[in-house]
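# Close look at the chain arrangement
Single-letter residue listing:
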Amino acid sequence: MLPNRSRLSVLIFLVPPLLLYAVAVLLPILQSLFLSFFQWDGVTDMQFVGLGNYIYMLTGDTVFWTAFLNTLGYLVICLILQLGGALLVASLLTMLRRGRELVKTLYLLPAVISTVAIAFLFQRIYSLEPAGLLNRGLELIGLGGLQTAWLSDVGTVLAAVSVPEGWRFTGLYMLIIYAALLAVPQELEEAAKLDGASWWQTFWRIKFPHIRPVWITTTIIATTYALRGFDIPYLLTNGGPGQASELLTTYMYKTAFTSTDYGYASTIAVFVVIECLVAVGLILLLLRRKADA
Amino acid sequence: MTTTMAPRRSAPRLSPQPPLRQHRRLNVHRTLTSIVVALIVVVQVYPLAWLFLTSVRTEQDFANGDPFGLPTGFTLENYSRAFSTGNLALNILNSFIVTSGAIVLIVVLGMMAAYALQVLGFRGSKFVRGLFLIGIVVPVQIALVPLFIDYAAVNLLDTYQSIIIPLAGFSLPMSIFLFSSFYEYIPRETYEAASLDGAGPYRIFAQITFPLSLNTIVTVVMVNSIFIWNDFIFANTFVLSDGLKTIPLGLQNYIGAMGKVDWTATFAAVCVSITPLLLAFLVLNKAMIYGLSSGGSKG
């Protein structure tokens, strides 16, 4: 603490940022909570329904449950691509002698591109008629039988809208994990090798425990980002065909701005927040406990 | 730190060179690793290369051609069509306005809050930190409906501010934590010496903390620019008139505007829209990569 500070100086520095934050983030959270207990179309009078929205959501709304399961599928695919891909490439990168900077830059490139541009790009990649990059690629390697219209096939659409999201941010997580891997002391690794540890053992017993705190942070960031994923499914399929690629976020958006059911949309939004908090709690619980064991 | 580590590191090097066979195996291993990394990078970057190649193809070539083939001809006509059909120039201008507005808020307010929390310190600062942490975990969608209603009440719908406020608000916490974690490393003695010389909190902020923050500012600006320049959800919800549309919304209009999608022109527009960020990224990529990796490991 600075010796010469006054209460006034603290307020002068703290109040402007808090004000913006309150208007943009804190107040809307409280408003959403409040709205979730009402039925309101934005025009007629608000009607208090108590827990009615929540009860309908959890017991009567099949679209909600479809969207929830889809969200979990979307999450799993994103995490495998982002964290798995990131860990793989980061550890391969530490073994390279040259070109690390180039690989880092190239690998991060997709993160710079807007979701709308990515949606355009993947719409063409998945296209069947004329054959897009993916279908043509399958044909070239002799798997032409697998060709399909990835975005209108109910069985593939969820994976098809998840992959672009995983692809776009894997570079970001790779950078974070790579920096952590570099910080593992060389002596530990060398000592383990002298003791005859294999590459795999060195990785799991020495390196991974060392980067665990960063791994936890990365998992939390990736999970909360995947749970709020919206742009790419909304732009590519708008949840369709049917509800095959509907996520909670796209369902909430449509409920709010297509059906103008502000109350019920807020209920879904509150659920998405709770889902994020539960996910963070679970990650901390699971990964921390393993660290103690 | 490096000086104390040097003697210990050199110890194993005293042992004789590893036998030749082991050496060779190591080389094979390295080559394999390089090949795998190269393959992964190609898969990762190929869609982008393809995007660019398509933007210089002739329409004819795109319609009949093999997506893997090289363009048969080179044309910039797609670019002129892209500029003449949409409001591309206006969209870029709007994106600049929104991005710079939000970035200024994020940097200035982020530094101020971090200074109050980390340097000045006060009772309850832990609680305030906790409040800011909420903004990192909570998804932005929670704010859409309330802000839409609030904006309608105070006539802010369809303005630059309507996008700038939530973009800045949700990015503020990360900026505060980046600045705070940097301020931790400024030695207490620096401040105590300045205080003894009679400098108050404002002068210390202006003459010590702010000038020292420049590197962190570059990081915060770069990282946030990506997300704000590319924002889709806030712009899509709060902006209705064509005159205010940012790049992502402008691009989306390409499909509607032309009925049948003119893919080569659309891809030319996409290329134009990503150029400013791409240039900034390639020029400043060291600063940005540093910022992204340190931001994650400290968060």
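Residues numbered from 1 in each chain as written. Chains lettered and ligands numbered in written order. Predicted model: local features only at pLDDT ≥ 70, side-chain atom pairs only at ≥ 80, totals over all residues.

### So, the overall build of chain B
Scanning chain B for helices and strands turns up 15 helices and 0 strands. A separation threshold of at least 6 residues defines the contact pool for chain B, and within that pool the share at least 24 residues apart is 79%. (Helix = DSSP H or I, 4+ residues; strand = E, 2+ residues; numbered from the N terminus. Contact = placed C-beta atoms within 7 Å.)

### Remarks on the overall build of chain A
Regarding its fold elements, chain A presents 12 helices and 2 strands. Listing each helix as α and each strand as β along chain A from the N terminus yields α-β-β-α-α-α-α-α-α-α-α-α-α-α. With the principal axes as the frame, chain A shows a C-alpha extent of 75 × 75 × 35 Å. Restricting to contacts in chain A with at least 6 residues of sequence separation, those with at least 24 account for 69%.

### Looking at the domain arrangement of chain B
By a widespread convention, an interface's size corresponds to the accessible area lost as its parts come together. Residue and element names in this part refer to chain B. The assigned domain composition of chain B is domain 1 (15-76) and domain 2 (81-298). Facing 7 residues of domain 1, the contacting portion of domain 2 comprises 6 residues. Broken down by secondary-structure element, the contributors of at least two residues to the side of domain 1 that touches domain 2 are α2 (20-55) and α3 (59-64). For the side of domain 1 that touches domain 2, the element with the highest residue contribution is α2, accounting for 4 residues. Taken together, the residues that form the side of domain 1 that touches domain 2 break down as 3 nonpolar, 2 polar and 2 charged. (Domains from an automatic or database assignment. Nonpolar A, V, L, I, M, F, W, Y, C, P; charged D, E, K, R; others polar.)

### Remarks on the interface of chain B and chain A
Between chain B and chain A, the residue contacts involve 80 residues of the former and 80 residues of the latter. In the side of chain B that touches chain A, the residues fall into 56 nonpolar, 20 polar and 4 charged.

### A short note on the UniProt feature "transmembrane region" (unreviewed entry) in chain B
All names here are of chain B. With numbering aligned to this structure, UniProt lists the feature "transmembrane region" (unreviewed entry) at residues 31-53, 92-115, 127-149, 161-183, 204-229 and 263-284. Secondary structure content for residues 92-115 is 100% helix and 0% strand, and the end C-alpha separation is 34 Å. The straight-line gap between the two end C-alpha atoms of residues 204-229 is 33 Å; of that span, 96% is helix and 0% is strand. (UniProt positions renumbered as here; feature names shortened; annotations may be inferred.)

### Quick word on the UniProt feature "domain: ABC transmembrane type-1" (unreviewed entry) in chain A
Summarizing the sequence annotation, UniProt attributes the feature "domain: ABC transmembrane type-1" (unreviewed entry) to residues 68-283 of chain A in the numbering used throughout. Secondary structure across residues 68-283 of chain A comprises 73% helix and 0% strand; the distance between its end C-alpha atoms is 19 Å.

### Some words on unusual backbone geometry
Of note in this structure, Thr260 of chain A is not a glycine but carries a positive phi near 35 degrees. Positionally, Thr260 of chain A belongs in the loop between α11 (248-257) and α12 (262-292). The partly exposed category is assigned to Thr260 of chain A, around which 13 C-beta atoms lie within 10 Å. The phi dihedral of Asn155 of chain B is positive, around 60 degrees, even though this residue is not glycine. (Buried ≥ 20, exposed ≤ 12 C-beta atoms within 10 Å, placed from the backbone.)

### With respect to the environment of Ala168 of chain B
Among the structural elements, Ala168 of chain B can be located in helix α8 (residues 160-183). When the C-alpha positions of Ala168 of chain B and Val107 of chain B are compared, they lie 9.4 Å apart, and in sequence the two are 61 residues distant. Setting aside residues up to four positions removed in sequence, Ala168 of chain B forms contacts with Leu20 and Ala24 of chain A together with Ala102, Leu105 and Ile106 of chain B.

### Comments concerning helix α5 (residues 88-120) of chain B
Between its terminal C-alpha atoms α5 of chain B stretches 46 Å, which fits the 48 Å expected from 33 residues at 1.5 Å a residue. At the exit of α5 of chain B stands Gly121 of chain B, carrying a positive phi of roughly 70 degrees. (Expected span 1.5 Å × (residues − 1).)

### Comments concerning the UniProt feature "transmembrane region" (unreviewed entry) in chain A
Residues and elements named next belong to chain A. Cross-referencing UniProt, the feature "transmembrane region" (unreviewed entry) maps to residues 12-38, 72-94, 106-126, 166-184 and 262-287 in the present numbering. Taken end to end, residues 106-126 comprises 67% helix and 0% strand; its first and last C-alpha atoms sit 23 Å apart. In this annotation, residues 262-287 is assigned 100% helix and 0% strand; the end-to-end C-alpha distance for the span is 37 Å.

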